[in-house]
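# A structural walkthrough
So the chains spell out like this:
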Amino acid sequence: MDGQSIGKVIHYYDKAGVAVVKLNEGLKIGDAIKVVKGENEFEMTVDSMQIDHRPVTECAAGSEVAIKVPTPIKVGALIYRS
(Lines give C-alpha, C1' and ligand atoms only; values in the text may rest on other atoms or scores of the structure.)
Protein backbone atom coordinates (compact mmCIF):
# COMPACT_ATOMS: atom_id res chain seq x y z
CA MET A 1 0.00 0.00 0.00
CA ASP A 2 1.44 3.36 -0.98
CA GLY A 3 1.25 6.34 1.33
CA GLN A 4 1.23 6.79 5.06
CA SER A 5 -1.44 5.09 7.16
CA ILE A 6 -3.74 7.45 9.04
CA GLY A 7 -4.44 4.98 11.83
CA LYS A 8 -4.32 1.45 13.19
CA VAL A 9 -7.02 -0.85 14.56
CA ILE A 10 -6.34 -1.47 18.27
CA HIS A 11 -9.56 -3.34 19.11
CA TYR A 12 -12.52 -4.91 17.32
CA TYR A 13 -15.96 -5.52 18.83
CA ASP A 14 -17.40 -8.44 16.89
CA LYS A 15 -21.04 -8.22 18.05
CA ALA A 16 -21.27 -4.46 17.43
CA GLY A 17 -19.21 -4.52 14.21
CA VAL A 18 -17.08 -1.67 15.52
CA ALA A 19 -13.33 -1.12 15.21
CA VAL A 20 -11.42 1.12 17.61
CA VAL A 21 -8.80 3.03 15.65
CA LYS A 22 -5.84 5.00 17.05
CA LEU A 23 -5.46 7.90 14.60
CA ASN A 24 -2.20 9.42 13.30
CA GLU A 25 -4.21 12.03 11.34
CA GLY A 26 -7.62 13.64 11.66
CA LEU A 27 -10.71 11.89 10.29
CA LYS A 28 -14.27 13.03 9.64
CA ILE A 29 -17.65 11.63 8.63
CA GLY A 30 -17.78 11.18 4.85
CA ASP A 31 -14.06 10.39 4.46
CA ALA A 32 -13.26 7.43 2.19
CA ILE A 33 -10.83 4.98 3.79
CA LYS A 34 -9.14 1.70 2.93
CA VAL A 35 -8.58 -0.96 5.59
CA VAL A 36 -5.61 -3.28 5.00
CA LYS A 37 -4.40 -6.34 6.93
CA GLY A 38 -2.22 -8.73 4.96
CA GLU A 39 -4.13 -9.90 1.87
CA ASN A 40 -7.45 -8.70 3.28
CA GLU A 41 -8.52 -5.18 2.37
CA PHE A 42 -11.69 -3.23 1.71
CA GLU A 43 -12.76 0.36 1.13
CA MET A 44 -15.58 2.17 2.88
CA THR A 45 -16.95 5.62 3.64
CA VAL A 46 -16.92 6.62 7.29
CA ASP A 47 -20.54 7.16 8.28
CA SER A 48 -20.49 6.56 12.04
CA MET A 49 -17.83 7.48 14.61
CA GLN A 50 -17.88 7.67 18.40
CA ILE A 51 -15.47 8.77 21.11
CA ASP A 52 -16.35 7.63 24.66
CA HIS A 53 -19.76 6.37 23.40
CA ARG A 54 -20.69 9.81 22.04
CA PRO A 55 -21.22 10.42 18.32
CA VAL A 56 -18.67 12.75 16.70
CA THR A 57 -18.42 14.18 13.19
CA GLU A 58 -14.64 14.62 13.22
CA CYS A 59 -11.67 13.76 15.39
CA ALA A 60 -8.06 14.84 15.61
CA ALA A 61 -4.77 12.98 15.34
CA GLY A 62 -4.03 11.06 18.52
CA SER A 63 -7.71 10.20 19.11
CA GLU A 64 -9.00 6.69 19.71
CA VAL A 65 -12.25 6.53 17.78
CA ALA A 66 -14.84 3.76 17.30
CA ILE A 67 -15.87 3.32 13.68
CA LYS A 68 -18.76 1.17 12.46
CA VAL A 69 -17.40 -1.21 9.81
CA PRO A 70 -19.20 -3.47 7.29
CA THR A 71 -16.96 -6.51 7.76
CA PRO A 72 -14.81 -7.95 10.58
CA ILE A 73 -11.37 -6.38 11.00
CA LYS A 74 -8.29 -7.85 12.65
CA VAL A 75 -6.40 -5.93 15.32
CA GLY A 76 -3.34 -4.38 13.69
CA ALA A 77 -5.10 -3.53 10.42
CA LEU A 78 -3.90 -0.24 8.96
CA ILE A 79 -6.24 2.53 7.82
CA TYR A 80 -5.44 4.65 4.74
CA ARG A 81 -7.29 7.41 2.92
CA SER A 82 -8.66 6.06 -0.36
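The notes below deal with the structure included here. (Residues numbered from 1 in each chain as written. Predicted model: local features only at pLDDT ≥ 70, side-chain atom pairs only at ≥ 80, totals over all residues. Heavy atoms only, no water.)

## Points about the side chain of Asp31
With respect to the helices and strands, the residue Asp31 is situated in the loop between β3 (27–28) and β4 (32–37). Among the polar contacts listed, one links the side chain of Asp31 to the side chain of Arg81, at a separation of 3.1 Å. If sequence neighbours within four positions are ignored, Asp31 has contacts with Met44, Thr45, Val46 and Arg81. (Helix = DSSP H or I, 4+ residues; strand = E, 2+ residues; numbered from the N terminus. Polar contact = N/O pair within 3.5 Å; in protein donor to acceptor, adjacent residues only side chain to side chain. Contact = heavy atoms within 4.5 Å.)

## What about unusual backbone geometry?
One non-glycine residue, Asp52, lies in the positive phi region at around 50°. With respect to the element layout, Asp52 can be found in the loop between β6 (49–51) and β7 (54–55). For Asp52, a relative accessible area of 60% translates into the label exposed. A positive phi is found at His53, a non-glycine position, where the angle reads about 65°. Position of His53 relative to the elements: it lies in the loop between β6 and β7. (Buried < 20%, exposed > 50% of the residue type's maximum accessible area, 1.4 Å probe, protein only.)

## Remarks on the environment of Gly76
Considering the arrangement of structural elements, one finds Gly76 in the loop between β9 (64–68) and β10 (78–81). Along the primary structure Gly76 and Lys8 are separated by 68 residues, whereas in three dimensions their C-alpha atoms are 5.9 Å apart. Leaving out residues up to four positions away in the same chain, Gly76 has contacts with Lys8, Val9 and Lys37.

## Structural notes on the sheet that holds β6
Taken together, eight strands build an open sheet; the order of strands is β5-β4-β10-β1-β2-β9-β6-β7 and the sheet is antiparallel. A single partner strand is all that each edge strand has here, and the edge strands are β5 (40–45) and β7. (Pairing = 2+ DSSP bridges.)

## A word on the nonpolar core
Core analysis: the largest hydrophobic core is formed by 20 residues, its most contacted members being Val21, Leu27, Ile33, Ile67 and Ile73. Elements that contribute at least two residues to this core include exactly β1 (7–13), β2 (18–23), β4, β5 and β9. With three residues, the top contributor of residues to this core is β2. Not counting residues within four places of it along the chain, the set of residues in contact with Ile73 comprises Val9, Tyr12, Ala19, Val35 and Phe42. (Core = buried A, V, L, I, M, F, W, Y, C linked by side-chain atoms within 4.5 Å.)

## Here we look at the pairing of β10
Taken together, the two bridges between β1 and β10 define a ladder with antiparallel strand orientation. Residue pairing in the sheet places Lys8 in a bridge with Leu78 of β10.

## Here's the deal with the side chain of Ser5
Note on placement: Ser5 falls in the segment before β1. Here Ser5 is in contact with Asn24, Leu78, Ile79 and Tyr80, once residues within four sequence places are set aside.

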